[in-house]
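Analysis of the macromolecular model
In case you want the letters, here they are:
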Amino acid sequence: MFFFFLSFFSSQALHLVNMLFRKYRDACAVLDRKLKLLRRLTDLFKPYVLFEGIFDDKNSEKLQIASRKTCPETNAFNFDPTSIDWEDYMMNAHIPGLVMYVMK
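What counts and how
Sequence order as written defines residue numbering, which begins from 1 separately in each chain. Local features in a predicted model are, by the rule used here, given only for residues with pLDDT of at least 70; side-chain atom pairs are given and counted only at 80 or more, and totals for whole chains, interfaces and linings are based on all residues. Note: side-chain values were computed over all heavy atoms of the structure, leaving out hydrogens and water. Working definition: helices are DSSP H or I runs of at least four residues, strands are E runs of at least two. Numbering for both runs from the N terminus. Burial classes follow relative accessibility: with a 1.4 Å probe on protein chains only, a residue under 20% of its type's maximum area counts as buried, one over 50% as exposed, and anything between as partly exposed. Here the Shrake-Rupley method, with its probe set to 1.4 Å, supplies the accessible areas, and only the displayed protein chains count as covering residues. Per-residue confidence from the prediction method is given by pLDDT, with values spanning 0 to 100. Contacts: residue pairs with any heavy atoms within 4.5 Å of one another. To estimate how far a helix should reach, multiply one less than its number of residues by 1.5 Å. To obtain the bend at a residue, axes are fitted to the seven residues ending there and to the seven starting there, and the angle between these axes is taken. Throughout this description, the term salt bridge denotes a Lys or Arg side-chain nitrogen within 4 Å of a carboxyl oxygen of Asp or Glu. A pair of aromatic rings is counted whenever rings of Phe, Tyr or Trp (Trp by its six-membered ring) have centres within 6.5 Å, and the orientation is called stacked for planes under 30 degrees apart, edge-to-face for over 60 and tilted otherwise.

Across its full length, the protein chain carries five helices and zero strands. For the protein chain, the succession of helices and strands along the chain, N to C, is α-α-α-α-α. With 104 residues in all, the protein chain has 6% of them scored as buried. Approximately 10000 Å² of the protein chain is accessible, and the part contributed by carbon and sulfur atoms is 67%.

Structure (structure tokens):
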């Protein structure tokens, strides 16, 4: 009798737990997808975030100065890295491109 009660109670308890958590299944699936995306982004950007290199654009500046002297259409190309709005580029071009083409 005791074992019958125990098995009945445990099956009812499992059924109740299943019913309670069923409504959270979709929310958990959404959170799981977001967590996986965050992990993929972390793995993708880890080398760049932890990179401690220093970039030097002296040669491109020299090229720009020399081309201004010899080439009249230099201003049409405007290769000046300091004129790039990096925040705008990252938020409106780079990250949406990653989401669209890399994070499929």
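Text resumes after the structure shown.
Moving on, we get to the confidence of the model for the protein chain. Do not read the fine detail of predicted coordinates wherever pLDDT is low. Looking at the protein chain, the pLDDT average stands at 77 and 82% of residues meet or exceed 70. In the model, residues 1–8 has pLDDT below 50 throughout and makes zero contacts with residues more than four positions away in sequence or in other chains.

A few words now on helix α5 (residues 86–102). Between its terminal C-alpha atoms α5 stretches only 20 Å, short of the 24 Å expected from 17 residues at 1.5 Å a residue. Within α5, the axis deviates most sharply at H94, by approximately 25°, and proline P96 lies no more than four positions further along.

With that out of the way, let us pick up the pattern of salt bridges. The tally for this structure, following the rule as stated, stands at one salt bridge. D32 is the salt-bridge partner of K36, the closest N and O atoms lying 3.4 Å from each other. A residue pair is termed a helical-turn pair when its members lie 3 or 4 positions apart in one helix, as K36 and D32 do in helix α2 (residues 25–49) at four residues. Residue classification places K36 among the partly exposed residues on the basis of a relative accessible area of 47%.

Another point: the packing of aromatic side chains. Describing an aromatic ring pair means giving the distance of the ring centres and the angle of the ring planes. This model, assessed by the stated rule, comprises one aromatic pair. Aromatic side chains W86 and Y89 sit 5.9 Å apart centroid to centroid with 90° between the ring planes, which places their arrangement in the edge-to-face category. With W86 and Y89 both in helix α5 and three residues apart, this pair spans about one turn of that helix.

Relative to the elements of secondary structure, S60 occurs in helix α3 (residues 58–70). The class for S60 is buried, based on a relative accessible area of 19%.

Looking now at the side chain of Q64. As for its placement among the helices and strands, Q64 is situated in helix α3. The class for Q64 is buried, based on a relative accessible area of 14%. Here Q64 is in contact with T74, F79 and D80, once residues within four sequence places are set aside.

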